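Residue-level listing of the chains:
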Amino acid sequence: MSNSPHLAEGPIVSFRGVSKTYPNGTVALTDASFDIRRGSIHAICGENGAGKSTLMKILFGLESPSAGQVLIDGAAVDTATPDFAGKHGIGMVHQHFSLVPILTVTENIILGHEPRRSIFIDRSKARRQVVELTQRFDLAVDPDARTDTLSVAAQQKVEILKALSRDTRLLILDEPTAVLSPPEIEELFNRLRDLCAAGMTILFISHKLHEVRALAETVTVLRAGRVVGTTPLAEVDDTTITRMVMGRDVDVPRRQRQRTDAPVVLELDRVSTRSRDPADRIEDISLSIRADEIVGIAGVDGSGQRGLVGVLSGLMHPASGSVRLADADMSRAAAPDWRKAGLAYLPADRYARGGTAALSLADNAIAGTDGDKALQWGPFLRRGAIRKRVQQMIADYAVRAGGTGERLDSLSGGNAQKLIAARELAGSPKLLIADQPTRGVDVAAAALLHGRIDLAARDGAAVLLITADLDELLRLADRVLVLFNGKIVADLQNHAGLTPAALGPYMLGLETAA
Amino acid sequence: MTRSILAGLTEFALTALVIGLVILAVLVPLALSQPDPLEVLRLFVLGPFGTIRHMGNILEAATPTMMTGLAATIIFRAGMFNLGVEGSFFLGGLAAAATAVLLPLTGFVATPAAILVGALVGSLACIVPGYLRVRFGASEMVNSLVLNFAFLFAGVYVLNYVLRDPNAGALMSYKLPGDFTLDRLLQGTRLHTGVIIAFVACLLGGIWLYGTRSGLNVRIVGSSPGFASHLGLASSKLLMQAQIAGGLIAGMAGAIEVLGLYSRFSWTGLPGHGWTGITVAILARENPFLVIPAALFLAYLQVGGDMLARNLDVPSEIVGLVTAAIMLAVTAAAIFRHPAFLRLIRDIKGQEQGA
């Protein structure tokens, strides 16, 4: 590579007081400062929403900081300029691949900077370049294969080659191991070490502490948009890093459970799903939830939560194992069967699954109540009864709305979620799945929703709470299960001593206690 | 409640304002090129209301487009962009004519039977693309567009080889027997009882869509498939029901048009009322109750344009130009979903709450 003439010493990238506030008021980064040493493998750790991806977007030239400076080779640069990354030799492998499936490997790699002969693409030259690239970096892929015929690991190689194809000096990898199997991860790490030995600087973003430790020399920990610290990994132990990631130990008031001997409502026995997407993949999950019990699921995003919810709402079927709800076998049950059997479900994706933005509050509030004689007269809807019912729901859940005829998307996120909860929790459900019930919701609405979830449990529902908000988890759950790579790695009773920091090692895959 | 009514009124006022501006922008230059500019405006704007006969012409022109507009509304509401309405209209007309020519029916059963056959056969043009989408995920827009022409040429084949009257001067069917007709409502126009059917159909359609459980479920499936699957609604079944209902209505519209206006069937090209129906549906914001004024409004523009063409030296294509310009302005409803506009509304709401 021809990048040795650059300034040989000093950090390749320095962040100096970088802050980012989005136009809608979201503060993603506050005063972030740290250096990335030339030729090192530098890891960035932090929970979901800690500001990792915003930082990478700034470094890759997709966003500009609202305050502060980014220095490359010691000189301040304006990142949000066209082709910023290309000019400074920065390549990025995104967590979700950006390959065009119907194009060949060569076509994907040269896309955007094709070698040309007059107005035509010089295909033979392009192929030569790609072959040379695969040999130089020892990343073997067939340059003529169609991308969608390749395995995920091979597609990732193509992504890396694409990122390396433009005299790259700094390679960013965003959660590169999420889609790989252990041997593939080992192979990837070996290639990355080789690249580093050849002078490349690598920025590695990961949730998984053992991977960070296996690969990187230095780690920068982000929490809630701030840099908690940058430290050589040799100088810190896992406990310290975990504490840095999870934050201080604060105790929260916990839910008081009324009965511990209530009958078991939901029972999963060794349930597994098959899927290419790790978020949908669960392995050998056994769990039971009693009436008046809230079981909280912790785990970094994509650890199998979506698969678990899919199996419990009829959107996916287990490949093996059995699912029972109130003594009825639900292993092959479809979505309508689950609802009939008494499932209430607050989906994480409020507007795409929890309601329909384009219809009125009344329509949203009575959706799915087919056959309710109080609201229907034959096929006809009773408008007066519906208005009364919906006004009652709006009052009970303190929804701030102008009227029942307003569209759902005229409400704020918290009020929309309250209306959805009012609908789902009507008619004492047997099982309640609350998936990120208060994400993006204001404090008052969150408190109300917490109260209603607790109330549903007291009324005899088995509750599965999936949340990235550990405070919420500890506040509500009677028992906490930690998911990692689709498996339950910890099954903990929630007691006063349990803290977010105590959950950290399980969530980051360092320990198991199942 | 008052706030949502206010928002609705604002939207309506803005729409009316835009339409007015567009009409002026197109008509004023045209009027200025005439010896009596005011006469042009008067004829176009007021002419259609000048006599009972002209008002009858508006109703007559709106009859088929009310029904095709209703059909398109139901289909779009289910979330499908199925353009089979045009093909259904054509097939419905053909099948009604074929029933009249080929079946020995007489008396009061004759006309309803022909309309029924027209509706059933016509619905095919909407059902096939709908089924291909539900079963195989094939694009209903492409399929319906292409199939419209396949049905047209199949229909012309039937007309030529089965229904053609060899003694007629051109390619047209045998005369439709006298029992197969709809009664005239107004002397001097071709206005027939079909207009009553169209009105009633739109009202029933609105009651179904907004007042029944299955109407609500169709609106849910159409506006958010993810929500529908969360609720466990039978999405494919609801989608197909809407395509069938839309197809039946469009086929019926074709049958009514042929029986109400013509003594022989002679369509050798797509008549275009289905396309207009799609325009009507968009103009009516896919609301069956608003389909009635939307169809009447387009018919009014058409009659006004016809009067200009008949009485002054104005090409009748000018109507097409005016209609197109208005459609462009109105369907740019996107403006009401524009972030800037929504922010404005939010600000107003914020001030209201602050007060």
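Residues numbered from 1 in each chain as written. Chains lettered and ligands numbered in written order. Predicted model: local features only at pLDDT ≥ 70, side-chain atom pairs only at ≥ 80, totals over all residues. Heavy atoms only, no water.

A. Representation of helix H17 (residues 500-507) of chain A in the model. Residue and element names in this part refer to chain A. Within H17, seven of the eight residues are buried, leaving the element largely enclosed by the surrounding structure. Looking only at H17, the buried set comprises Pro 500, Ala 501, Leu 503, Gly 504, Pro 505, Tyr 506 and Met 507. Two residues or fewer past H17, Gly 509 is found with a positive phi of approximately 80 degrees. (Buried < 20%, exposed > 50% of the residue type's maximum accessible area, 1.4 Å probe, protein only. Helix = DSSP H or I, 4+ residues; strand = E, 2+ residues; numbered from the N terminus.)

B. Examining the pattern of salt bridges more closely. Residues and elements named next belong to chain A. Within the structure shown, the criterion is met by 35 salt bridges over all chains. One salt bridge in this structure joins Asp 73 and Arg 38, with 3.1 Å as the shortest N-O distance. Of this pair, Asp 73 sits in the loop between strand E4 (67-72) and strand E5 (75-77) while Arg 38 sits in the loop between strand E2 (27-36) and strand E3 (41-45), and the two are 35 residues apart along the sequence. For Arg 38, a relative accessible area of 19% corresponds to the buried category. A salt bridge links Arg 146 to Asp 148; the nearest nitrogen and oxygen atoms lie 2.7 Å apart. (Salt bridge = Lys/Arg side-chain N within 4 Å of Asp/Glu carboxyl O.)

C. Inspection of the packing of helix H4 (residues 85-102) of chain B against helix H5 (residues 110-136) of chain B at higher detail. All names here are of chain B. Running from N to C, H4 and H5 point in directions that differ by 150 degrees, and their axes come no closer than 7 Å. Judged by the sense of rotation from one axis to the other, the crossing of H4 with H5 is right-handed. Here Val 85, Gly 87, Ser 88, Leu 91, Gly 92, Ala 95, Ala 96 and Thr 99 of H4 lie close against H5, whose contacting residues are Ala 114, Val 117, Gly 118, Val 121, Gly 122, Ser 123, Leu 124, Ala 125 and Cys 126. Considering only residue class, the contact of H4 with H5 consists of ten nonpolar, seven polar and no charged. (Axes fitted to C-alpha atoms, helices over the stretch in contact; angles between N-to-C directions. Left-handed = near helix turned anticlockwise from the far one by under 90°. Contact = heavy atoms within 4.5 Å. Nonpolar A, V, L, I, M, F, W, Y, C, P; charged D, E, K, R; others polar.)

D. Molecular detail of the interface of chain A and chain B. Counting from both sides, the interface comprises 35 residues of chain A and, opposite them, 25 residues of chain B. Taken over both partners, the interface formed by chain A and chain B buries close to 2300 Å², and the fraction arising from carbon and sulfur atoms is 52%. At the surface where chain A touches chain B, the tally comes to two salt bridges. Close ionic contact of Asp 363 of chain A with Arg 219 of chain B constitutes a salt bridge, the shortest N to O distance being 2.7 Å. On inspection of chain A and its partner chain B, the count reaches 15 residue pairs in polar contact (both at pLDDT 80 or more). Only helix H10 (335-340), helix H11 (350-354), helix H12 (361-366), strand E20 (380-381) and helix H14 (413-425) of chain A provide two or more residues apiece to the side of chain A that touches chain B. The element that contributes the greatest number of residues to the side of chain A that touches chain B is H11 of chain A, accounting for four residues. In terms of residue class, the side of chain A that touches chain B is built from 14 nonpolar, eleven polar and ten charged. (Buried area = accessible area lost by both parts, 1.4 Å probe. Polar contact = N/O pair within 3.5 Å; in protein donor to acceptor, adjacent residues only side chain to side chain.)

E. Looking closely at the confidence of the model for chain B. Overall, the predicted model of chain B reaches an average pLDDT of 85, with 88% of residues at or above 70. Confidence drops under pLDDT 50 across residues 337-341 of chain B; counting only partners more than four residues distant or on other chains, this segment forms five contacts. (pLDDT = per-residue confidence, 0-100.)

F. Representation of the pairing of strand E14 (residues 285-290) of chain A. All names here are of chain A. Burial along E14 is one-sided: Ile 285, Leu 287 and Ile 289 are buried, while Ser 286, Ser 288 and Arg 290, pointing the other way, are not. When strand E13 (residues 264-272) meets E14, the two strands line up antiparallel, connected through five bridges. Bridge pairing in E14 places Leu 266 opposite Ile 289. (Pairing = 2+ DSSP bridges.)

G. Inspection of the sheet that holds strand E22 (residues 462-466) of chain A at higher detail. Residues and elements named next belong to chain A. The mixed open sheet is built from six strands, whose spatial order is E18-E21-E22-E15-E23-E24. At either end of the open sheet lies a strand with only one pairing partner, and these are strand E18 (343-346) and strand E24 (487-493). Between one strand axis and the next, the sheet turns through 15 degrees on average, direction left out of account. Pairing of strand E21 (residues 431-435) with E22, which is carried by five bridges, proceeds in the parallel orientation. Bridging across to E22, Leu 432 finds its partner in Val 463. Strand contacts of H14: E18 and E21, with the helix running at about 175 degrees to E18, the strand carrying the most contacts.

H. Main features of the packing of aromatic side chains. Residue and element names in this part refer to chain B. Scanning the entire structure with this criterion turns up 13 aromatic pairs over all chains. Measuring from ring centre to ring centre gives 5.5 Å for Phe 89 and Trp 267, while their planes differ by 25 degrees; the resulting arrangement is stacked. In this pair, Phe 89 sits in helix H4 while Trp 267 sits in the loop between helix H10 (235-261) and helix H11 (273-283), placing the two residues 178 residues apart along the sequence. Both residues of the pair, Phe 89 and Trp 267, belong to the buried class. Seen in terms of ring centroids, Tyr 262 and Trp 267 are 6.3 Å apart; in terms of plane orientation they differ by 85 degrees. Their pairing is edge-to-face. Tyr 262 gets classed as partly exposed once you look at its relative accessible area, which sits at 31%. Among the residues examined, Trp 267 registers a relative accessible area of 11% and is labelled buried. In textbook terms, an aromatic cluster arises when at least three aromatic residues are bridged by ring pairs, as seen for Phe 89, Phe 90, Tyr 262, Phe 265 and Trp 267. (Phe/Tyr/Trp six-rings, centres within 6.5 Å; stacked < 30°, edge-to-face > 60°.)

I. Geometry of empty space enclosed by the protein. All told, the structure shown has two cavities of 30 Å³ or more when counted by the stated rule. Of the volumes computed, that of the largest cavity is approximately 60 Å³. Ser 313, Leu 315, Ala 335, Trp 338, Arg 339, Leu 343, Tyr 345 and Arg 353 of chain A together with Ser 229 and His 230 of chain B together form the lining of the largest cavity. When contributions to the lining of the largest cavity are tallied by element, the ones reaching two or more residues are H10 and E18 of chain A together with helix H9 (225-231) of chain B. For the lining of the largest cavity, the leading source of residues is H10 of chain A, giving three residues. Looking at side-chain class alone, the lining of the largest cavity contains five nonpolar, three polar and two charged residues. By volume, the second largest cavity amounts to about 30 Å³. (1 Å grid on protein atoms, 1.4 Å probe; cavity = no way out; pocket = protein on both sides within 12 Å on 5 of 7 lines; lining within 4 Å. Points joined across faces, edges and corners; volume = space filled by probe spheres on them.)

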